[in-house]
Amino acid sequence: MGKSSENKELKDTGKEFGQKTGGALVSEVILFLLTIVVSALSAYYYQKSKIEITGIAILSGIGFGCTWFAMERSREDGTYLYDNEKHPGRFTIIYLFCLGGSILFPMLPVGGWPYLAVFVGLMFFGNQMIGLLSGGTLLMVSILLQGSGSISFFVYFISGFVGILVFSYVNENFKIWLPLFISLLMLFVCLSIQEVLYANEVLSATMFMIPMANLLISVILLIILLKFFSFSIIYRERDLYVDLNDPECPLLVELKNCSKEEYYHAVHTAYLCDRIAKKISYDDAFAKACGYYHRIGTIKGKNTWENTEEILKENHFPEEVQRVLKEYLDKGERILSKETVLLLFCDSVISSIRYLFSKEPKIELDYQKIINTIFKKKLESGMIDYSGVSLGELQEMKRILVEERLYYDFLR
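Details of the overall build of the protein chain
A tally of regular secondary structure across the protein chain gives 17 helices and zero strands. Looking at the 412 residues of the protein chain, the share that counts as buried comes to 47%. In the protein chain, of all internal contacts separated by at least 6 residues, the share reaching a separation of at least 24 is 71%.

As structure tokens, then:
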């Protein structure tokens, strides 16, 4: 019976994965064909010769073919940003808008194309490589349609490349102003170089009008893009964590009904994870969720990774929470995430103190000595050697844990 159930689960999982992969493949095929057809029809509209139309169609196909390959590799390697691999429609929508823009931009002066927003938008809903390849392909189409020189291509390509680099560091804290300033500054510099160095006119203020107009349009488009990005990805994840980190969440209530001891252990661990994460600039909502649910497998009997994984998938937990709890609970997994290290120390401190209090409730404990011992043993074991946690972060974790002396009295 158990084996039959397991086989059924594997089949269902495989079927679901196949459906998602199939849907993504269909959208990629459609985008590939649309890129070729739209580029060719646009070349015809711009009165290009038959040879030029054929060349533009072939080059656009090759360009998106490279993007297609990057999309498939990113899906296999799990290198999409955020959870974009689960939502291929996001990239499809933004790419269609950008494709439409690429065939309309040649109607504008070459210095007025808002390609910075194109590169950044394609990166946000794919990843860095996908954004660079797809943005470069659409830029090539615009250049070929208008017949601009190679300098125009490199001006926009470099500014788009810079935009992708600086916006790659936008995380859940959503600090966008520095990346926005740097990317716009680089765009203005690149456009000014094109206007000043390659113009056969006397230097004047009017030469900077088109770059300034481009800058204004890019600011507006980037703000719209960032708003859409924040509501569709960043704040959607935050709202999910608000529900997960509510002590009255149905799963946590179920854990409490199953085992009050495990429930309160999870609550205490989540408290420490939250406190430390805020102090050392980790994602506190993410770390707190890991603290709350690292004992959730108890609902199904033993707190094994297999039981925990089943619960997490049934309730559609964020991928990063599943990854951390797998590293923590699965003994065959290597600890790679900093949040796993944080969970490890918080859980170990709570477990050790609660155990000592259970033996002798009125005992006076030397919390600093206990915490120092825990850190020494974990470091000597080598289990966190590959996590990338710095010595400074470890010292800060230890310091904060020691400072929580008054809180540990609640564990008696």
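Don't stop here, the text continues.
Concerning helix α16 (residues 391-403)
Over its 13 residues, α16 runs 18 Å from end to end, which matches the ideal 18 Å to within 8%, given 1.5 Å per residue. By the burial criterion, the buried members of α16 are Glu393, Leu394, Met397, Ile400, Leu401 and Val402. Close packing links the buried residues of α16 with α10 (260-279), α14 (338-359), α15 (367-381) and α17 (405-408).

Points about the pattern of salt bridges
In total, this model carries 14 salt bridges according to the counting rule given. With a shortest N-O distance of 3.2 Å, Lys326 and Asp330 are connected by a salt bridge. Between Glu393 and Lys338 there is a salt bridge; the shortest N-O distance is 3.4 Å. Residue Glu393 is located in helix α16, and its partner Lys338 is located in helix α14; the two are separated by 55 residues in the primary sequence.

Looking at a nonpolar patch on the surface
A cluster of nonpolar side chains, namely Leu178, Phe181, Ile182, Leu185, Val189 and Ile193, defines an oily patch on the protein surface of about 520 Å² accessible area. By secondary structure assignment, the location of Ile193 is in helix α7 (residues 177-197).

Describing the packing of aromatic side chains
Inspection of the entire model under this criterion finds 25 aromatic pairs. With centroids separated by 5.5 Å and ring planes inclined at 85°, the aromatic side chains of Tyr45 and Tyr46 adopt a geometry described as edge-to-face. The aromatic ring of Tyr386 is capped on one face by Arg334, whose charged end is 3.9 Å from the ring centroid.

Some remarks on the nonpolar core
Of all hydrophobic cores here, the largest spans 58 residues; its most connected members are Tyr293, Leu342, Phe345, Met397, Leu401 and Tyr408. Counting residues per element, this core draws most heavily on α14, at 10 residues. Excluding residues that lie within four positions of it along the chain, Leu401 makes contacts with Leu272, Ile276, Phe345, Val349, Ile371, Phe375 and Tyr408. Counting 56 residues, the second largest nonpolar core, distinct from the first, contains Ile53, Leu99, Val118 and Met123.

Side note on unusual backbone geometry
Its identity is not glycine, yet Gln47 carries a phi of approximately 60°, on the positive side. Among the structural elements, Gln47 can be located in the loop between α1 (2-45) and α2 (50-77).

Overview of the environment of Leu244
Looking at the secondary structure, you find Leu244 in helix α8 (residues 209-244). Expressed as a C-alpha distance, the spacing of Leu244 and Phe286, which sit 42 residues apart in the sequence, is 9.7 Å. When neighbours within four sequence positions are excluded, Leu244 is seen to be in contact with Cys249, Leu252, Tyr292, Tyr293, Phe317 and Pro318.

Some details on the environment of Thr35
Within the secondary structure layout, Thr35 lies in helix α1. C-alpha separation for the pair Thr35 and Phe64, spaced 29 residues apart in sequence, amounts to 7.3 Å.

Structural notes on the packing of α14 against α15
At their nearest, the axes of α14 and α15 sit 10 Å apart, and the two run at 130° to each other. Between α14 and α15, the angle is such that the two are oblique. As for the relative orientation of α14 and α15, their crossing is right-handed in sense. Residues Leu344, Phe345, Ser348, Val349, Ser352, Ile353, Leu356 and Phe357 of α14 lie in contact with α15, whose contacting residues are Tyr367, Ile370, Ile371, Ile374, Phe375 and Lys378. Tallied by class, the residues present in the contact of α14 with α15 amount to 11 nonpolar, two polar and one charged.

A few points about the confidence of the model for the protein chain
Looking at the protein chain as a whole, its pLDDT mean stands at 87, while 89% of the residues score no less than 70. Here residues 1-19 scores under 50 on pLDDT; set against residues more than four positions off or in separate chains, the count is zero contacts.

Details of the packing of α10 against α14
The geometry of α10 relative to α14 is characterised by a closest axis approach of 9 Å and an angle of 130° between their N-to-C directions. It follows that α10 is oblique to α14 by the angle criterion. Note that α10 runs across α14; the crossing there is right-handed. Residue-level inspection shows Glu261, Tyr264, His265, His268, Thr269, Leu272, Cys273, Ile276 and Ala277 of α10 in contact with α14, the latter providing Leu342, Leu343, Cys346, Asp347, Ile350, Ser351 and Arg354.

Regarding the side chain of Glu28
Turning to its location among the elements, Glu28 is positioned in helix α1. Overall, Glu28 belongs to the buried group, its relative accessible area being 1%.

A look at the environment of Ser337
Counting through the fold element by element, Ser337 comes out in the loop between α13 (319-329) and α14. Taking the C-alpha atoms as reference points, Ser337 and Ser387, separated by 50 residues in sequence, lie 5.3 Å from one another.

Let's talk about the state of the cysteines
This model, assessed by the stated rule, comprises zero disulfides. Its sulfur unpaired, Cys346 is 3.9 Å from the next cysteine sulfur, which belongs to Cys273. Note on Cys346: relative accessible area 0%, which makes it buried.

The rules behind these values
- Residues numbered from 1 in each chain as written.
- Predicted model: local features only at pLDDT ≥ 70, side-chain atom pairs only at ≥ 80, totals over all residues.
- Heavy atoms only, no water.
- Helix = DSSP H or I, 4+ residues; strand = E, 2+ residues; numbered from the N terminus.
- Buried < 20%, exposed > 50% of the residue type's maximum accessible area, 1.4 Å probe, protein only.
- Contact = heavy atoms within 4.5 Å.
- Expected span 1.5 Å × (residues − 1).
- Salt bridge = Lys/Arg side-chain N within 4 Å of Asp/Glu carboxyl O.
- Patch = residues over 30% accessible without salt bridge, like charges linked within 9 Å, V, L, I, M, F, W, Y side chains within 5 Å.
- Areas by Shrake-Rupley, 256 points an atom, 1.4 Å probe, with all protein chains shown as cover.
- Phe/Tyr/Trp six-rings, centres within 6.5 Å; stacked < 30°, edge-to-face > 60°.
- Lys NZ or Arg CZ within 6 Å of the ring centre and 35° of its normal.
- Core = buried A, V, L, I, M, F, W, Y, C linked by side-chain atoms within 4.5 Å.
- Axes fitted to C-alpha atoms, helices over the stretch in contact; angles between N-to-C directions.
- Parallel < 35°, antiparallel > 145°, perpendicular 65-115°, else oblique.
- Left-handed = near helix turned anticlockwise from the far one by under 90°.
- Nonpolar A, V, L, I, M, F, W, Y, C, P; charged D, E, K, R; others polar.
- pLDDT = per-residue confidence, 0-100.
- Disulfide = S-S within 2.5 Å.

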